[in-house]
Amino acid sequence: MSENFKLLKKDGEARRGELVTVHGTVQTPLFMNVGTVGAIKGAVSTEDLENIGCQVELSNTYHLHVRTGDDLIKRFGGLHRFMDWHRPILTDSGGFQVFSLASMRKIKEEGVTFRSHIDGHRIFMGPEESMRIQSNLGSTIAMAFDECPPAKAERNYVLDSVARTERWLLRCKAEMERLGLLEDTINRKQLLFGINQGAVYKDIRIENAKRISELDLPGYAIGGLAVGETHEEMYDVIEHTAPFLPEDKPRYLMGVGTPANILEAVERGIDMFDCVYPSRNGRHGHLYTHYGKININNAKYAEDDRPIEEGCGCPACRRYSRAYIRHLHKAGEMLGLRLCVLHNLYFYNHLMEEIRYSIDAGEFAAFKKKTLADLSSTER
RNA sequence: UCCUCAAUAGCUCAGUCGGUAGAGCAUUCGGCUGUUAACCGAAGUGUCGUAGGUUCGAGUCCUACUUGGGGAG
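Residues numbered from 1 in each chain as written. Chains lettered and ligands numbered in written order. Predicted model: local features only at pLDDT ≥ 70, side-chain atom pairs only at ≥ 80, totals over all residues. Heavy atoms only, no water.

A few words on the sheet that holds strand 7 (residues 105-107). Taken in spatial order, the 3 strands make up an open sheet running 7-8-9, and their pairing is antiparallel. Only two strands of the sheet have a single partner each, and these edge strands are strand 7 and strand 9 (122-125). Each adjacent strand pair in this sheet contributes to an overall mean axis angle of 15°, direction not counted. As judged from the 3 bridges shared by strand 7 and strand 8 (residues 112-115), these two strands associate in the antiparallel manner. Bridged to Lys 106 within strand 8 is Thr 113. (Pairing = 2+ DSSP bridges. Helix = DSSP H or I, 4+ residues; strand = E, 2+ residues; numbered from the N terminus. Axes fitted to C-alpha atoms, helices over the stretch in contact; angles between N-to-C directions.)

Another point: the domain arrangement of chain A. How large an interface is tends to be reported as the accessible area lost when its parts come together. You can read the domains of chain A as domain 1 (5-275) and domain 2 (284-375). Contact residues are listed per partner, giving 32 residues for domain 1 and 26 residues for domain 2. Contact between domain 1 and domain 2 buries roughly 2,400 Å² in total, counting both sides, with carbon and sulfur atoms accounting for 71%. Three residues, Ile 52, Pro 259 and Leu 263, lead the burial of domain 1 against domain 2; their summed loss comes to 28% of the area buried on that side. Linking domain 1 with domain 2 are 4 salt bridges. Notably, a salt bridge pairs Glu 267 with Lys 368, separated by 2.7 Å at the nearest N-O pair. Here domain 1 and domain 2 share 10 residue pairs in polar contact (both at pLDDT 80 or more) between them. At the level of elements, strand 1 (5-11), strand 2 (14-21), strand 3 (24-28), strand 4 (30-34), helix 1 (46-52) and helix 10 (259-267) are the ones that each hand at least two residues to the side of domain 1 that touches domain 2. With 7 residues, helix 10 is the single largest residue contributor to the side of domain 1 that touches domain 2. For the side of domain 1 that touches domain 2, the residue count by class is 16 nonpolar, 8 polar and 8 charged. (Domains from an automatic or database assignment. Contact = heavy atoms within 4.5 Å. Buried area = accessible area lost by both parts, 1.4 Å probe. Salt bridge = Lys/Arg side-chain N within 4 Å of Asp/Glu carboxyl O. Polar contact = N/O pair within 3.5 Å; in protein donor to acceptor, adjacent residues only side chain to side chain. Nonpolar A, V, L, I, M, F, W, Y, C, P; charged D, E, K, R; others polar.)

Taken together, 44 residues sit near RNA strand B, with Ser 100, Met 104, Cys 148, Val 276 and Ser 279 positioned nearest. Within 4 Å of the protein, the atoms of RNA strand B are drawn from sugar and phosphate moieties in a proportion of 46%. In the environment of RNA strand B, a phosphate oxygen lies 2.2 Å from a nitrogen or oxygen atom belonging to the backbone of Val 276. Contact between RNA strand B and Ser 279: a base oxygen at 2.4 Å from a side-chain N or O atom of the residue. Take the surface near RNA strand B: its biggest share by element is 5 residues, from helix 11 (residues 277-283). (Near = heavy atom within 4 Å.)

Looking now at the side chain of Glu 175. Mapping Glu 175 onto the fold places it in helix 7 (residues 155-180). On the accessibility criterion, Glu 175 (7% relative accessible area) is buried. Setting aside anything within four residues of it in sequence, one finds Glu 175 in contact with Glu 128, Met 131 and Arg 132. (Buried < 20%, exposed > 50% of the residue type's maximum accessible area, 1.4 Å probe, protein only.)

Further remarks concern unusual backbone geometry. Residue Thr 28 is joined to Pro 29 through a cis peptide bond whose omega torsion reads 0°. Counting through the fold element by element, Pro 29 comes out in the loop between strand 3 and strand 4. With an omega dihedral of 15°, the bond running from Arg 67 to Thr 68 counts as a cis peptide bond. Structurally, Thr 68 is set in the loop between helix 2 (61-66) and helix 3 (70-75). The phi dihedral of Asp 84 falls on the positive side, at around 55°, and the residue is not glycine.

Next comes the structure, spelled out in structure tokens:
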């Protein structure tokens, strides 16, 4: 049994677990709230996150390195102290930016050269650089530096890319071990998670999963999904790959996804999620409810006196009407964005709580079926 | 009273040499999956102030009128 992860119960392939870290223990399955630059976009404070029931906050290595600088954050005692958030933080390695900033980077064996998206200056990041930055940030969980190939990537490219990402993983592990011994390292118990890749090629995914599992890392992620493939392809990859990741380690599906995606992935043995959807869609006025998504900008809500979702305990639903929130959006008021983001984050964290209860009760399959049906309902 | 400038989409305005109209915003709807995203995309909307005239053809040139801005008295 891993010292950091306790698998409490299985209900089919769905898992209830507990992840123990130096920043506290969190309950899985869980959703991590994406705050790329050390803030959830939409004027959401760490106090808000606590009130909403957020267990883990996620930030980004590349973005914090470019602005304001991980060295500065280290001088503040790390990201936890800098942003005054004391529950776990997971830092993404910058690997996703290899994908999302594809037009401004060049990949080599040593690492990746980026053009800064801020001012165009040259930035080199390889496994060691990513580990050092994440060490400076002092995050609870550091992600391995990987390449995230697009879904449509050709098989031979993916084979080369995955092999390189595996070599990078060994370098990440070595650098992490070295940093863990240094006197001035902020979090010497930082957990390194490896990342499975292989696009939609199941055999590549499986072979990669087997090899990285041998490294006995404290957690493993499935990356490179939700980047252009269909939902069916994504579920298929998860279903066939997850069994080859260690049973006694947390499994994190990176960047996913919709409430339905999460239910399907939990059913296939995933424990951790993150996605920009609740925050980004919130800013864009798209709100999640148990009865489907609503676009608060739609004219039909102009005189709707109901809350976003009846019975929701979020700060927006406890006080404000759809009509008022729509008005705020239309007026370009930041409060409109904020209330929508708070609602969506609450919805996601609350959904995870419901998932955990249902697994505890051994009723996940029924819960999933009912929730999926409700989510596709047209009653708003 | 005279001189002058203007009048085109809901709003603010483009509109070439005369060839039957466009933009931004607004409106309506859609998209966003380890955030380059309070973003991006699509759609709808016109008696071109009114009435005449010139011309094969007028938003465009001419005349009168209406309304508004500025100026003179």
